[in-house]
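Spelled out, the chains give:
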Amino acid sequence: MSAHPRRAGLPRRRLALPLLTAALLLATGCGPADPGFALQEDLAQPASTATAGGPGAPAPSTSAKPKALPTGVPYDITPLLKPSRKYLGAALTGVPASMDALPGYTSAIGKQPDILEYYAHWKGGFDTAGVRRIYEAGALPFMAWEPYDHSLASIAAGDTDDYVRGVAKAVAKLNLPIAISIAHEMNGDWYPWGRKTASSQDFVAAWRHVHDIFDQAGATNVIWVWSPNITVPAPNTRLAPYYPGDNYVDWAGMTGYFTNDGPKTFETLYGPTMAEIRTFCKKPFFISETAAEQGRHQRAFVDQLFSGMEAHDDIVGFIWFNMIKRADWRVETVPDTLSAVKQRVSAPRYGFDIRNP
């Protein structure tokens, strides 16, 4: 979440998507055969990964349900890159260490989210059990990977390679779909990896380095979400220098919130950013964080969000930040807003079971 007023190569094969969860350093209740939470020291250990077509590998499955795939067949994420319906996402308190918030949110808006975002600390850990929980709920895990304690330059130089390699192997071994963004909102100045402390060259080098490690580990089950903030609070910071390249990105994400002292329409909020990105990138757009500030404009903001989504076929979905951070962004706290959201998400175009897209 940004500090916006009131809130803030070679082509790789597209096959497998494991799920990462927030590095919360909390143990989860799993049986002895499934430790559920891989700590940093565990991630340094080698993880075996089967490759399709290798010795003894089973033939690719034609099952429509990915979780029914035999062991050793990489997860095919191709149908998830640009599905026929739009993703209906949310960031909910406690997810994925706990899924307790999901039933209440689903009941409130009348439809279950099919993508759940969480925030993971660099070198904090890899929560395999939590990622699996999201997938088993029929949703795509989306990990916003945040390098608070390690500079982008040091990541690009390989200082955290043992950790990154361990995560990549764990992702490949889990073999479930996951979306990952690295150092989101890098064009802003409110994070330690932002434009005032890291150059665009540092960002691109770090992104490519991490991406290459994942490829080397066989973690082809990742949807890579490049996720700048909208350009409204930083109009003089160009986005093209921060773009890692088409071989390293699957979705062009955007973080942008509707606030009472900001742009009031979808086109004024997102339009300039989308137009700039389209000068160098043709990847699908994804709104990786949004919400509407409470007040007399909130219901109109909701209508703007959904009308804008429906006017742009190249936007594959959005995530509503349903938490309290600098403001109360929860949809269920204002009945009129909740009614508007519930009415709009009821359209068939929103939401699907990612296990059977």
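In short, a report on the structure. (Residues numbered from 1 in each chain as written. Predicted model: local features only at pLDDT ≥ 70, side-chain atom pairs only at ≥ 80, totals over all residues. Heavy atoms only, no water.)

**Some words on the overall build of the chain**
A tally of regular secondary structure across the chain gives 10 helices and eight strands. Out of the 357 residues in the chain, the part that is buried amounts to 57%. If you sum the accessible surface of the chain, you get close to 13,900 Å²; carbon and sulfur atoms cover 52% of it. (Helix = DSSP H or I, 4+ residues; strand = E, 2+ residues; numbered from the N terminus. Buried < 20%, exposed > 50% of the residue type's maximum accessible area, 1.4 Å probe, protein only. Areas by Shrake-Rupley, 256 points an atom, 1.4 Å probe, with all protein chains shown as cover.)

**Brief notes about the pairing of strand 2 (residues 115-121)**
In terms of residue burial, strand 2 counts as a mostly covered element, since six of its seven residues are buried. Bridge count between strand 1 (residues 87-92) and strand 2: two bridges; the pairing is parallel. What sits directly across from alanine 90, in strand 2, is leucine 116. As defined by bridge partners, strand 2 adjoins strand 3 (residues 140-146) across seven bridges and the pair is classed as parallel. (Pairing = 2+ DSSP bridges.)

**Focus on helix 4 (residues 128-136)**
Restricting attention to buried positions, one finds in helix 4 the residues Thr128, Ala129, Gly130, Val131, Ile134 and Tyr135. Regarding helix 4, its N-cap is aspartate 127, as a side-chain oxygen of that residue lies 3.3 Å from the backbone nitrogen of alanine 129 further along. Positive backbone phi, at 90°, marks glycine 138, one or two positions downstream of helix 4. (Polar contact = N/O pair within 3.5 Å; in protein donor to acceptor, adjacent residues only side chain to side chain.)

**Brief notes about the sheet that holds strand 8 (residues 315-322)**
An order of 1-2-3-4-5-6-7-8 is seen for the eight strands of this closed barrel, with the pairing classed as parallel. Here the average twist between neighbouring strands, direction ignored, is 30°. Here strand 3 runs beside strand 4 (residues 178-182); their pairing, made up of four bridges, is parallel. Of the residues in strand 4, the one forming a bridge with alanine 144 is serine 181. (Axes fitted to C-alpha atoms, helices over the stretch in contact; angles between N-to-C directions.)

**Points about the side chain of serine 154**
As for its position among the elements, serine 154 is in helix 5 (residues 152-156). A residue is classified by how much of its surface remains accessible, and serine 154, at 15% relative accessible area, is buried. If sequence neighbours within four positions are ignored, serine 154 has contacts with Asp159 and Thr160. (Contact = heavy atoms within 4.5 Å.)

**Quick look at the pattern of salt bridges**
Pairing of side chains with opposite charge becomes possible as their charged atoms draw close. The final tally for this structure, using the stated rule, is 11 salt bridges. Residue aspartate 189 pairs with arginine 195 through a salt bridge whose shortest N-O separation is 3.5 Å. What makes aspartate 189 partly exposed here is its relative accessible area of 32%. What makes arginine 195 partly exposed here is its relative accessible area of 28%. Glutamate 276 is the salt-bridge partner of arginine 238, the closest N and O atoms lying 3.0 Å from each other. With a gap of 38 residues between them, arginine 238 in the loop between strand 5 (222-226) and strand 6 (251-255) and glutamate 276 in helix 8 (residues 266-277) connect regions that are remote in the sequence. For glutamate 276, a relative accessible area of 14% puts it in the buried group. Salt bridges sharing partners connect three or more residues here, namely Asp303, Glu310, Arg344 and Arg349. (Salt bridge = Lys/Arg side-chain N within 4 Å of Asp/Glu carboxyl O.)

**Looking at the nonpolar core**
Ranked by internal contacts, the top residues of the largest apolar core, which has 111 residues, are Tyr87, Trp145, Phe214 and Trp226. Ranked by the residues each element gives to this core, the list is headed by helix 6 (residues 161-174), at eight residues. (Core = buried A, V, L, I, M, F, W, Y, C linked by side-chain atoms within 4.5 Å.)

**Topic: the packing of aromatic side chains**
Counted under the stated rule, the structure contains 28 aromatic pairs. Ring geometry for tyrosine 148 and tyrosine 191: centres 6.2 Å apart, planes at 80°, overall edge-to-face. Pair noted here: tyrosine 148 is in the loop between strand 3 and helix 5 and tyrosine 191 is in the loop between strand 4 and helix 7 (200-216), with a separation of 43 residues, a long-range link. Among the residues examined, tyrosine 148 registers a relative accessible area of 35% and is labelled partly exposed. Overall, tyrosine 191 belongs to the buried group, its relative accessible area being 8%. (Phe/Tyr/Trp six-rings, centres within 6.5 Å; stacked < 30°, edge-to-face > 60°.)

**Thoughts on unusual backbone geometry**
Cis geometry marks the peptide bond from valine 95 to proline 96; its omega dihedral reads 10°. The residue proline 96 is located in the loop between strand 1 and helix 3 (101-109) in this model. Within the chain, lysine 123 stands out as a residue other than glycine whose phi angle is a positive 70°. Summarising the element assignment, lysine 123 is placed in the loop between strand 2 and helix 4. Classification of lysine 123 by relative accessible area gives partly exposed; the value is 23%. Positive phi values are uncommon outside glycine, yet alanine 183 reaches one of about 50°. Within the secondary structure, alanine 183 is located in the loop between strand 4 and helix 7. Exposure remark for alanine 183: the relative accessible area of 0% places this residue in the buried category.

**A short note on the packing of helix 9 (residues 298-311) against helix 10 (residues 335-345)**
Following both chains from N to C, one finds helix 9 and helix 10 inclined at 15°, their axes separated by 8 Å at the closest point. For the element pair helix 9 / helix 10, the angle class is roughly parallel. Note on packing geometry: the crossing formed by helix 9 with helix 10 is right-handed. Every residue of helix 10 that contacts helix 9 at Gln298, Arg299, Val302, Asp303, Phe306, Ser307 and Glu310 is listed here: Asp336, Thr337, Ser339, Ala340, Val341, Arg344 and Val345. Of the residues belonging to the contact of helix 9 with helix 10, the class tally is five nonpolar, four polar and five charged. (Parallel < 35°, antiparallel > 145°, perpendicular 65-115°, else oblique. Left-handed = near helix turned anticlockwise from the far one by under 90°. Nonpolar A, V, L, I, M, F, W, Y, C, P; charged D, E, K, R; others polar.)

Shape descriptors only; they carry no functional weight alone.
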